[in-house]
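Residue strings, one per chain:
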Amino acid sequence: MITRSSALLQRPTPATQPLPVQARWQTQLARAIRDPRELCRRLGLDEAWHGGAERGHALFEVRVPEAYLARIRPHDPADPLLRQVLPLGEETEVTPGYVADPLAEAEHTPAKGLIHKYAGRVLLIASPACAVNCRYCFRRHFPYEENAPSRAQWEASLDYLREDATIREAILSGGDPLAANDRRLAWLVERLGAIPHLKRLRIHTRLPVVIPDRIDDALLDWLGGTRLQTVMVLHINHAQEIDEAVVAACRRLREAGVTLLNQSVLLRGINDDVDALAALSERLFEAGILPYYLHVLDPVAGAAHFDVNDDDARTLVAALREVLPGFLMPRLVREIPGEASKTPL
Ligand SMILES: *Cc1c(COP(=O)(O)O)cnc(C)c1O
Ligand code: SF4
């Protein structure tokens, strides 16, 4: 078994010292690479990549923690993990139909940081920050860093949830909700658990994948301690993202009673072939995670180069169905503003 520390040792001469793998997740997050040139250097990408990386970074800053970097093959500009985090000059291109707020979420916010779009489910923005900045993200144009929820904002959201007995599920989202500290999350989840009509707590997060050490005792305390049924929807786009540390984090989550699901985004040049998608489903299941959604890209400005058109997406999924058992098939969906659910393709 290749451990993460030996993977770090195999890296080309790093510009900065790799972190000891034992560093707390907060430290790992704080020390994430935020300089596009350093990212290129660390991965052995030549000068040709630097200009584009800087132009993309000016629009949406680079953020890549060491634990994620360690899973990227150096000297390979086509690496499927690298392509998710390396800014490219293409991001500055203007493409008709690609806009800043493709989901028009501003229309569904009865309280600040709360989105109630679908029956029975309410989404709370629990943290504005993310552990990694994914280049295709539909949130790339939001000034999220300025909008960390305050105590008063939480109280208003909790009031909203208490007053509507049709709500059965609270969804923590972001940003990445697990970028918030455990004290804050424990406080919130305790109050959610005290709302009688709530049945489920769902957390949409990429942190257990990006920094697996995030799944620590402090987190398992509040997550394993709530009376609510707990579901975690991870966000993994490629099998190569699931290393042994991710598998171990998932094991701890399942032992705490958490149901693990995964959503992916279909991304050109990253996972838009049958072999990659089949390997992802198989690897997810090995880690105890069931595939849930495969999203087509939201048309966000700066991400058009990742788009896979609908016909190709349908053809891919049909071919995938021929090689996978039904329970490993993600549902191919699109988010259309104004619809009552995600829309199957
Ligand atoms: C995607 C989403 C949900 C959850 O939808 P499911 O189909 O239940 O996974 C809930 N609220 C909002 C605002 C969403 O975007
Ligand atoms: S919200 Fe998710 S997809 Fe977007 S940058 Fe954060 S982790 Fe990546």
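Residues numbered from 1 in each chain as written. Chains lettered and ligands numbered in written order. Predicted model: local features only at pLDDT ≥ 70, side-chain atom pairs only at ≥ 80, totals over all residues. Heavy atoms only, no water.

Concerning the site of ligand 1
Near ligand 1, the surroundings consist of I115, K117, Y118, R121, L123, I171, R202, Y292, Y293, E335 and K342. Within the contact set of ligand 1, an oxygen atom lies 2.6 Å away from a side-chain nitrogen or oxygen of Y293. Between ligand 1 and K342 there is a distance of 2.9 Å, counted from an oxygen atom to a side-chain nitrogen or oxygen. For ligand 1, whose accessible area on its own is 380 Å², the fraction buried by protein is 93%. Of all the elements in the fold, those that place two or more residues in the shell around ligand 1 are β1 (114-118), β2 (121-127) and β7 (290-295). For the shell around ligand 1, the element with the highest residue contribution is β1, accounting for three residues. Residue composition of the shell around ligand 1, grouped by class: six nonpolar, no polar and five charged. (Near = heavy atom within 4 Å. Polar contact = N/O pair within 3.5 Å; in protein donor to acceptor, adjacent residues only side chain to side chain. Areas by Shrake-Rupley, 256 points an atom, 1.4 Å probe, with all protein chains shown as cover. Helix = DSSP H or I, 4+ residues; strand = E, 2+ residues; numbered from the N terminus. Nonpolar A, V, L, I, M, F, W, Y, C, P; charged D, E, K, R; others polar.)

So, the domain arrangement of the protein
Splitting the protein by domain gives domain 1 (4-13 + 25-92) and domain 2 (105-344). Taken over C-alpha atoms, the centre of domain 1 sits 23 Å from the centre of domain 2. Opposite the 28 residues of domain 1 that make contact, domain 2 presents 34 residues. Across the interface of domain 1 and domain 2, roughly 2800 Å² is buried in total on both sides, 54% from carbon and sulfur atoms. Three residues stand out in domain 1 for area buried against domain 2, namely W25, F60 and Q84, and they jointly supply 31% of the buried area on that side. In this structure, the salt-bridge partner of R135 is E91, at a minimum N-O distance of 2.9 Å. For the pair domain 1 and domain 2, the number of links is 22 residue pairs in polar contact (both at pLDDT 80 or more). Counting residues per element, the ones that place at least two in the side of domain 1 that touches domain 2 are α2 (25-30), α4 (50-59), α5 (66-69) and α6 (82-85). Residues of the side of domain 1 that touches domain 2, tallied by class, amount to 15 nonpolar, four polar and nine charged. (Domains from an automatic or database assignment. Contact = heavy atoms within 4.5 Å. Buried area = accessible area lost by both parts, 1.4 Å probe. Salt bridge = Lys/Arg side-chain N within 4 Å of Asp/Glu carboxyl O.)

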